[in-house]
Amino acid sequence: MKVSDAIATRKTMRAFKPDPVSRETIEKIISLAARAPSGGNVQPWKVHALIGPARDELVRRVAEFRKQHPMGTPPEYHIYPPALTEPYKTRRFRVGEMMYATMNIPREDKAARIAFFSRNWEFFGAPAGLIFTIDRQMQQGQWADLGMFLQNIMLLAREHGLHTCPQEAWAMFHPQIREYLSVPENEMIFCGMAVGDADETAPVNTLESERAPLAEYLTVWETA
Ligand SMILES: Cc1cc2nc3c(=O)[nH]c(=O)nc-3n(C[C@H](O)[C@H](O)[C@H](O)COP(=O)(O)O)c2cc1C
């Protein structure tokens, strides 16, 4: 698969088939993904891969905690800036509206929206779940390095015929994840990622998120 095809066909999938992803496939993808560059070759990424009963147990523990705390615990970092400004605010709002529109869930139907959002904590049905952590001493540069590692995983998943959903939503259950996976206190739980065979028939997976036109984010300087 060409890199451009992997990039063009990667999109966030939010419904998966249960067909298992093997340990070998996960190890193959993640070991190659670690060829990602990182400033000073620090390689600040850490990842827990959950398959089989281990994946189900995390889902079970979070579901149990959600009975009392449906939206979990405030994450240890701001998933979005507390006062997101334009144009970012509108972009965020728009993709959410587009996503719920694929399932005909109107804005007023908060219960249905929450019910769908809660599928995050079942990895949207994916058989494999990844949890990414990063040492708290790391700064913006290392978080960017971690992002490149994540992107490599998502692109390599395409090469294996798999799809992904990166999931910051898991950061809302950091105490449960920390306890279950024995994540040391010096590490922060950044996000999760669902990995599996996408259910191409699910309406939510028809979503094609938009991108701003090139001129909004590219400035080319040619003449001195
Ligand atoms: C780090 C990260 C965390 C994300 N967290 C979530 C999440 O918790 N739940 C979700 O449904 N989508 C999540 N997304 C997916 C984004 O909404 C998605 O990437 C964006 O809307 C662009 O769509 P695309 O990935 O289909 O191109 C996340 C994406 C990234 C990069």
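Structure: see above.
Residues numbered from 1 in each chain as written. Predicted model: local features only at pLDDT ≥ 70, side-chain atom pairs only at ≥ 80, totals over all residues. Heavy atoms only, no water.

Undergrad: Before we move on, can you summarise the overall build of the protein with the specific residues and values?
TA: The helix and strand inventory of the protein stands at seven helices and four strands. Going from the N terminus to the C terminus, the protein shows its helices and strands as α-α-β-α-α-α-β-α-β-α-β. Its C-alpha radius of gyration of 18 Å places the protein within 12% of the 17 Å reference for a compact globule of 224 residues. Projected onto its principal axes, the C-alpha coordinates of the protein cover approximately 60 × 45 × 35 Å. Looking at the protein as a whole, 39% of its 224 residues qualify as buried. A fraction of 83% describes how many contacts in the protein between residues 6 or more apart in sequence connect residues 24 or more apart. By element, 56% of the accessible surface of the protein is carried by carbon and sulfur atoms, the whole surface being about 12900 Å². Computed over 26 positive and 27 negative side-chain charges, the separation of the two mean positions in the protein equals 2 Å. (Helix = DSSP H or I, 4+ residues; strand = E, 2+ residues; numbered from the N terminus. Rg over C-alpha atoms; globule rule 2.2 N^0.38 Å. Buried < 20%, exposed > 50% of the residue type's maximum accessible area, 1.4 Å probe, protein only. Contact = heavy atoms within 4.5 Å. Areas by Shrake-Rupley, 256 points an atom, 1.4 Å probe, with all protein chains shown as cover. Lys, Arg positive; Asp, Glu negative; His and termini not counted. Charge placed at Lys NZ, Arg CZ, Asp CG, Glu CD.)

Undergrad: How would you summarise the packing of aromatic side chains if you had to cite specific residues and measurements?
TA: This model, assessed by the stated rule, comprises eleven aromatic pairs. Ring geometry for Trp-45 versus Phe-149: centroids 4.8 Å apart, planes at 10 degrees, classification stacked. Here the residue Trp-45 occupies a position in the loop between helix 2 (23-33) and strand 1 (46-51), and Phe-149 occupies one in helix 6 (residues 140-159), the gap between them amounting to 104 residues. The exposure classification of Trp-45 matches that of Phe-149, with both residues buried. Among the aromatic side chains, those forming a connected cluster through ring pairs are Phe-65, Phe-117, Trp-121 and Phe-173. It is Arg-92 that lies over the ring of Tyr-80; its NZ or CZ is 3.6 Å from the centre. (Phe/Tyr/Trp six-rings, centres within 6.5 Å; stacked < 30°, edge-to-face > 60°. Lys NZ or Arg CZ within 6 Å of the ring centre and 35° of its normal.)

Undergrad: Outline the site of the ligand, supporting the account with residue identities and numerical values.
TA: What surrounds the ligand is a group of 15 residues, the closest being Thr-12, Arg-14, Glu-168, Ala-169 and Arg-211. Tallying contributions element by element places strand 3 (residues 163-167) first for the shell around the ligand, with three residues. Taken together, the residues of the shell around the ligand break down into six nonpolar, four polar and five charged. (Near = heavy atom within 4 Å. Nonpolar A, V, L, I, M, F, W, Y, C, P; charged D, E, K, R; others polar.)

Undergrad: For empty space enclosed by the protein, give the residues involved together with the corresponding values.
TA: One pass over the structure, following the stated rule, counts one cavity of 30 Å³ or more. Each pocket or cavity is described by its volume, and for the largest cavity that value is around 30 Å³. Among the elements of the structure, helix 2 and helix 6 are those that each provide at least two residues to the lining of the largest cavity. Take the lining of the largest cavity: its biggest share by element is three residues, from helix 2. Across the lining of the largest cavity, the residue classes tally to seven nonpolar, no polar and no charged. (1 Å grid on protein atoms, 1.4 Å probe; cavity = no way out; pocket = protein on both sides within 12 Å on 5 of 7 lines; lining within 4 Å. Points joined across faces, edges and corners; volume = space filled by probe spheres on them.)

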